[in-house]
Amino acid sequence: MATFLYKLGRLAFRRRHFVALIWVALLTLAGVGAAGAPSAGSTSFSIPGTEAQKAFDLLEQRFPGMSADGATARVVFKAPQGEKMTDAANKATVEKTVDELSDGSEVASVADPYTAKAVSKDGTIAYASVRYDVSGMELKDASREALQDAAQDARDAGLTVEVGGDALQAAPETGSTEIIGIAVAAVVLVITFGSLIAAGLPLLTALIGVGIGISTITALANALDLGSTTSTLAMMIGLAVGIDYALFIVSRYRAELAEGREREEAAGRAVGTAGSAVVFAGLTVVIALVGLSVVNIPMLTKMGIAAAGTVVIAVLIALTMIPALLGYAGRKVQPAGRKSRWMGGNRAARKAASGRARPNMGTRWASFVVRRPIAVLMLGVVGLGAAAVPAASLELGLGDDGSQPTSTTQRRAYDLLSDGFGPGFNGPLMVVVDAKGSGDPDAVFSQVGDDIEDLKNVVTVTPAAPNKAGDTATITVIPDAKPSSVTTEDLVHAIRDKGAQVKADTDANVLVTGTTAMNIDVSQKLNDALLPYLALVVGLAFLLLIVVFRSILVPLKAALGFLLSVMAALGAVVAVFQWGWLADLMGVEETGPVMSMMPIFMVGVVFGLAMDYEVFLVTRMREAYVHGEKPSQAVVTGFKHGARVVTAAAVIMMAVFAGFIGSSESMVKMIGFGLAIAVFFDAFVVRMAIVPAVLALLGKRAWWLPKWLDRALPNVDVEGEGLRAEADGRGRNKGSDQDREVVRV
């Protein structure tokens, strides 16, 4: 592989015009496609195999035109102090609002509060239920505006009016912190390379790659039913790995220049060595993201595949466009160790000339760890273990309007409904009774209603509403607890247990659905899929790393280190988003259960990203070991060349992920924080402390591989051993030859 990538790097360097033209053309094509594509809504939220989804599908069949998955809105009215909603003036305002809402082209039905008995017992709060023919994100802007205008008209008449439900659902906003993250990345790159030109290359290529990826997703969003969260995730992952992969290759290019190689040769060798690490690091990320399809949640699958596509683009750009841009940059990209004058280059040169240059920080740190591996290992493991303690109290769930910031109308509507009708009113359960196989459907409907009324934690059970055929009915159940509570989850399971008894007695099916039941089913499905997913992703990546490192213990150590970092990161997420530690600093207005998909998502993404640092850092160590150094010295050599780059890459990735903490979408906020803290734990504790300590303790045993397995594995030559034979023949020229190569275009 190293030889192939070496040739690819040299070709891209020589044919830089052609390579740049191809990528600019792809960016233009994707941009044009995105500009001309129809606007897309949210991905269809279906959970195959769950009871809630089966009930939705049954409703579509037995209640045609009901739009069971259509958007809903609750327009909540509160009377002024000392008045009631039943007063003539207030009643007239509400009826006028209902008439306005009924005029919408996408409105399926509007329930008048006074005929639907939707007025609180004290008469101060009422609500009108609006149902639409399409899902929340498929609503036209005109429908949303009409809903907001109707609410505003009622406010102008003197009522307090708030709107809940998913009809006002909008695309998440990331906020200005995303730009701050990119700015931090730029500063880190400038400090790392000591040059604006060298620092600008990773940023430029990452932005081009993300531009192509996001534009392609936008262009295909309508056709493939991709939601807004898909592009946000792709941007998050694409920016992080795009900058890191380019950083690895530019850093290796400067190291090759420092060894005296001319620029085209240095570009080829950078792509052949660091590029090999980039390819395998990218493969682990792709495996982790595509592996999300194991969960069998279409939305999650699409998110993973789309993000994996941006990673593939980032790898291809790093392998081709980076050497092409290095060709354009010429002598403006200095060899490693040199800095521009304004970054202190003259001072560094004087120190080197006087022999006062000290070993770099990576060398000093690795030497310290090699001398005291047990102490460093114990400190790292105990520290991560302590950070992981909160994960023991992890509670999973999916957010509702109650988790929205108090500044939103959805949250205020949620609170008004809780005050007027009880907390469970925000999460009604819909029970679907399929009595088609029963001899007396009406008796079955009545029995099911009576059985549910006898259960604990039930406030209201509405009479059964059968379809035209009379073989299927819906029953609405109002719990006495909020939707995200354990009490409501227990009630759902209790109703389903009753349904099993009804099935045995009458051959009728009883299914529980609705948003609350769907959330419970999603959480359970994600929990059930976590271990199989973890085994698949870690297993495939373990095999891949055996091929890369030609070792058993190094990949095993990498996997165990990842588990430590991801558990510590989950502990931090629980502490902030569930317990409320530092909640104000993170902009978390409402604590509650952690998003159900957070653990499995973090396992996938963090594992892929963690292997970036593992591959880049440890391949440098193996390269030194293969070339004859002792195991302990190989650890130091790996840190000498790789620690600075890995540190910069980790800080950049943390900055990019932390930039999404400012998102208005709670899921994106939580993912941004979780990934940022996970990268911190994995890069600075696991890879920079635990890994060298373990390798120092293992010594030669770290690189042991059974002979039969060594013969069976393909030789991918990540270390570039195959390039050594031809190193001196064409790799070294003096200054004038280098300068002439730069001038030649």
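Our subject is the structure that appears above.
Conventions adopted
- Per chain, the residues get numbers from 1 upward, laid out in the order the sequence is written.
- Totals for whole chains, interfaces and linings use all residues, but because this is a predicted model, local features are given only for residues with pLDDT of at least 70 and pairs of side-chain atoms are given and counted only at 80 or more.
- Hydrogens and water are ignored here; the side-chain numbers use all heavy atoms of the structure.
- Pairing of aromatic rings covers Phe, Tyr and Trp, the last through its six-membered ring, and needs centres within 6.5 Å; plane angles under 30 degrees mean stacked, over 60 mean edge-to-face, and all others mean tilted.
- What counts as a helix is a DSSP run of H or I of at least four residues, what counts as a strand is a run of E of at least two, and both are numbered from the N terminus.
- Relative accessibility under 20% of the residue-type maximum defines a buried residue, over 50% an exposed one, and the middle range a partly exposed one, all with a 1.4 Å probe and only protein chains included.
- The rule is short: NZ of Lys or CZ of Arg within 6 Å of the ring centre and within 35 degrees of the ring normal puts a charge over the ring.
- Pairs of residues are marked as contacts when any of their non-hydrogen atoms sit within 4.5 Å.
- The working definition used for a salt bridge is a side-chain nitrogen of Lys or Arg within 4 Å of a carboxyl oxygen of Asp or Glu.
- One bridge is not enough; two strands pair if DSSP finds at least two bridges between them.
- Angles run from 0 to 180 degrees between N-to-C directions of axes, and those axes are lines fitted to C-alpha atoms, restricted for helices to the stretch in contact.
- We call two directions roughly parallel when the angle between them is under 35 degrees, roughly antiparallel when it is over 145, roughly perpendicular when it lies between 65 and 115, and oblique otherwise.
- If you view the pair so one helix is near and one far, a crossing is left-handed when the near helix is turned anticlockwise from the far one by less than a right angle, and right-handed when it is turned clockwise.
- To count toward a patch, a residue needs a relative accessible area above 30% and no salt bridge. Like charges then connect within 9 Å, nonpolar side chains (Val, Leu, Ile, Met, Phe, Trp, Tyr) within 5 Å.
- Each accessible area is a Shrake-Rupley result for a 1.4 Å probe, and residues are judged covered by the shown protein chains and nothing else.
- Only four residue types enter the tally: Lys and Arg on the positive side, Asp and Glu on the negative side; His and the chain ends are excluded.
- Where a charge lies is defined by one atom per residue type: Lys uses NZ, Arg uses CZ, Asp uses CG and Glu uses CD.

A. Representation of the packing of aromatic side chains in the model. Here the structure, examined in full by the defined rule, presents nine aromatic pairs. Between Tyr127 and Phe425, the aromatic rings sit 5.1 Å apart at their centres with planes inclined by 65°, giving edge-to-face as the arrangement. Separated by 298 residues along the polypeptide, Tyr127 in strand β3 (residues 125-132) and Phe425 in the loop between α14 (409-421) and β6 (429-434) bring together distant segments of the chain. When its relative accessible area of 12% is taken as the criterion, Tyr127 is described as buried. Here Tyr625 and Trp703 contribute two aromatic rings whose centre-to-centre distance is 5.8 Å and whose plane-to-plane angle is 20°, an arrangement assigned as stacked. One end of the pair, Tyr625, is in helix α20 (residues 598-626); the other, Trp703, is in the loop between α22 (666-698) and α23 (707-712), and 78 residues separate them in sequence. Since its relative accessible area comes to 23%, Tyr625 is described here as partly exposed. Following the ring pairs from residue to residue traces out a cluster consisting of Tyr127, Phe421 and Phe425. Of note, Arg16 hangs over the ring of Phe13, and the distance from its end group to the ring centre comes to 4.8 Å. Residue placement shows Lys91 over the ring face of Tyr114; its charged tip is 5.2 Å from the ring centre.

B. Expanded view of the side chain of Thr363. With respect to the secondary-structure elements, Thr363 resides in helix α12 (residues 361-371). The buried category is assigned to Thr363, whose relative accessible area is 15%. Apart from the residues lying within four places of it in its own chain, the contact partners of Thr363 are Val636 and Lys640.

C. Layout of the pattern of salt bridges. Applying the stated criterion to the full structure yields 18 salt bridges. Residues Arg411 and Asp415 are paired through a salt bridge, measuring 3.2 Å at the closest nitrogen-oxygen approach. With Arg411 and Asp415 both in helix α14 and four residues apart, the pair spans about one turn of that helix. With relative accessibility at 9%, the residue Arg411 sits in the buried group. By relative accessible area, Asp415 is classed as partly exposed at 29%.

D. Geometry of the sheet that holds β3. The strand order across the open sheet formed by four strands is β2-β3-β1-β4, and the pairing between neighbours is antiparallel. The sheet is open, and its two edges are formed by β2 (107-111) and β4 (160-164), each paired on a single side. Here the strands of the sheet are splayed against their neighbours by 20° on average, with no regard to which way each runs. Of the strand pairs in this sheet, strand β1 (residues 72-78) and β3 are connected by seven bridges, and their pairing is antiparallel. Directly across from Lys78, in β3, lies its bridge partner Ile125. Its contacts with the sheet put helix α5 (residues 141-156) on β1, β3 and β4, and the angle it makes with β4 is roughly 160°. Strand contacts of α14: β1, β3 and β4, with the helix running at about 105° to β4, the strand carrying the most contacts.

E. View of the packing of helix α2 (residues 16-36) against helix α10 (residues 298-329). Remark: α2 packs on α10, axes separated minimally by 9 Å, with the N-to-C direction vectors making an angle of 140°. On the basis of their axis angle, the class for α2 and α10 is oblique. Crossing handedness for the pair α2 and α10: left-handed. Across the interface between the two elements, Arg16, His17, Val19, Ala20 and Trp23 from α2 touch Ile313, Leu316, Ile317, Thr320, Met321, Ala324, Gly327 and Tyr328 from α10.

F. Spatial organisation of a negative patch on the surface. On the surface, Glu145, Asp149, Asp153 and Asp156 cluster together into a patch of negative charge. Residue classification places Asp153 among the partly exposed positions, given a relative accessible area of 38%.

G. Geometry of a nonpolar patch on the surface. Together, Val294, Leu536, Leu540 and Leu543 give the surface a local cluster of nonpolar side chains, amounting to about 320 Å² of exposed area. Within the secondary structure layout, Leu543 lies in helix α17 (residues 515-549).

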